[in-house]
Amino acid sequence: DIVIRAPWNGRREGVTYITIEPGMAFGTGRHESTRLMMKLMRQTDLAGKRVLDLGCGSALLSLYARVKGARRVYAVDNDLDAVLSAQKNVLLNGTAGVEVVCADLMDVSGRYDVVLANLDIRTFALSSGHIMGLLKKKGTLIVSGIIGREKKEALRLFVPWEPVMEVRKNAWRGFVLRR
């Protein structure tokens, strides 16, 4: 439902674009785990929601959340290059309602309707409890960055949240989890 484009690529009438400056940050939309996140987000109601994007990289998922109607998006990454890239992409898209912050995942606080986490199994193993604590009681957790052989381990990390949707692309898996 959208086209991801570099700033120098043209535009066509009637197409929704997200402009991403390819750079140092993860998230041009080409990686399988990013595509899985977007597919899961496409099937999730984000309208009016407060969304947290953990490990935001280029802010692609944050920008997509705003396209999907999220009221407010908090984009967090611990890599300064990623944060600078994310800020640039938010400006390139003229998107209000996205706040980009450089912070460690464990320093993030608050409660969110939706948490986006396209991370890796090691990060999930270290922080799944904290991530679950960032969700409102009836919140939605969307995760990817999980290789097929890590599926059972990853899902155990998020108990009592259960998968209500699963998608796969090649070796990668993504899930929507709810309590």
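Above this text sits the structure in question.
Reading guide: rules and limits
Residues numbered from 1 in each chain as written. Predicted model: local features only at pLDDT ≥ 70, side-chain atom pairs only at ≥ 80, totals over all residues. Heavy atoms only, no water. Helix = DSSP H or I, 4+ residues; strand = E, 2+ residues; numbered from the N terminus. Rg over C-alpha atoms; globule rule 2.2 N^0.38 Å. Buried < 20%, exposed > 50% of the residue type's maximum accessible area, 1.4 Å probe, protein only. Contact = heavy atoms within 4.5 Å. Areas by Shrake-Rupley, 256 points an atom, 1.4 Å probe, with all protein chains shown as cover. Phe/Tyr/Trp six-rings, centres within 6.5 Å; stacked < 30°, edge-to-face > 60°. Lys NZ or Arg CZ within 6 Å of the ring centre and 35° of its normal. Expected span 1.5 Å × (residues − 1). Polar contact = N/O pair within 3.5 Å; in protein donor to acceptor, adjacent residues only side chain to side chain. Pairing = 2+ DSSP bridges. Core = buried A, V, L, I, M, F, W, Y, C linked by side-chain atoms within 4.5 Å.

Observations concerning the overall build of the protein
- When its secondary structure is counted, the protein shows five helices and nine strands.
- The C-alpha atoms of the protein give a radius of gyration of 15 Å, which matches the 16 Å a tight globule of 179 residues would have.
- For the protein, the spread of C-alpha atoms along the three principal axes comes to 45 × 35 × 30 Å.
- Relative to its 179 residues, the protein shows a buried fraction of 47%.
- Nonlocal contacts in the protein, meaning residues at least 24 apart in sequence, comprise 62% of its contacts between residues at least 6 apart.
- For the protein, the computed accessible surface area is about 8900 Å², with 48% contributed by carbon and sulfur atoms.

Description of the packing of aromatic side chains
- All told, the structure shown has two aromatic pairs when counted by the stated rule.
- For the pair Tyr74 and Tyr112, a centre-to-centre distance of 5.7 Å together with 65° between the ring planes defines the contact as edge-to-face. Here the residue Tyr74 occupies a position in strand E4 (residues 72-77), and Tyr112 occupies one in strand E6 (residues 112-118), the gap between them amounting to 38 residues. There is no split in this pair, since Tyr74 and Tyr112 are both buried.
- Between the aromatic rings of Phe124 and Phe158, the centroid separation amounts to 5.4 Å while the plane-to-plane angle is 75°, which identifies the pairing as edge-to-face. Note that Phe124 is positioned in helix H4 (residues 121-133) and Phe158 in the loop between helix H5 (151-157) and strand E8 (162-169), a separation of 34 residues in sequence.
- Relative accessible area serves as the criterion here: at 0%, Phe124 is assigned to the buried category.
- Given the relative accessible area of 1%, Phe158 is considered buried.
- Stacked on the ring of Tyr17, the Lys or Arg Arg5 has its end atom at 5.9 Å from the ring centre.

Structural notes on H4
- Between its first and last C-alpha atoms H4 spans 18 Å; for 13 residues at 1.5 Å apiece the expected length is 18 Å, and the two agree.
- Of the residues making up H4, those classed as buried are Ile121, Phe124, Ser127, Ser128, Ile131 and Met132.
- Packing partners of the buried residues in H4 comprise strand E3 (50-54), E6, strand E7 (135-147) and H5.
- One side-chain oxygen of the residue at the start of H4 lies 3.0 Å from the amide nitrogen of Arg122, identifying that residue as Asp120.

Some words on the pairing of E6
- Along E6, seven of the seven residues are buried, which leaves the element largely enclosed by surrounding structure.
- Of the strand pairs in this sheet, E3 and E6 are connected by four bridges, and their pairing is parallel. Pairing of Leu52 across the sheet is with Val115, part of E6.
- Summarising the sheet, E6 and E7 pair through six bridges and their orientation is parallel.

Re the nonpolar core
- Of all hydrophobic cores here, the largest spans 30 residues; its most connected members are Ile18, Met41, Val51, Ala65, Val100, Leu116 and Ile142.
- For this core, the elements supplying multiple residues, two or more each, are helix H1 (32-42), helix H2 (60-67), E4, helix H3 (80-92), strand E5 (98-102) and E6.
- Residues contacting Leu116, with those up to four places away along its chain left out, are Met37, Met41, Val51, Leu52, Asp53, Leu54, Leu61 and Ile142.

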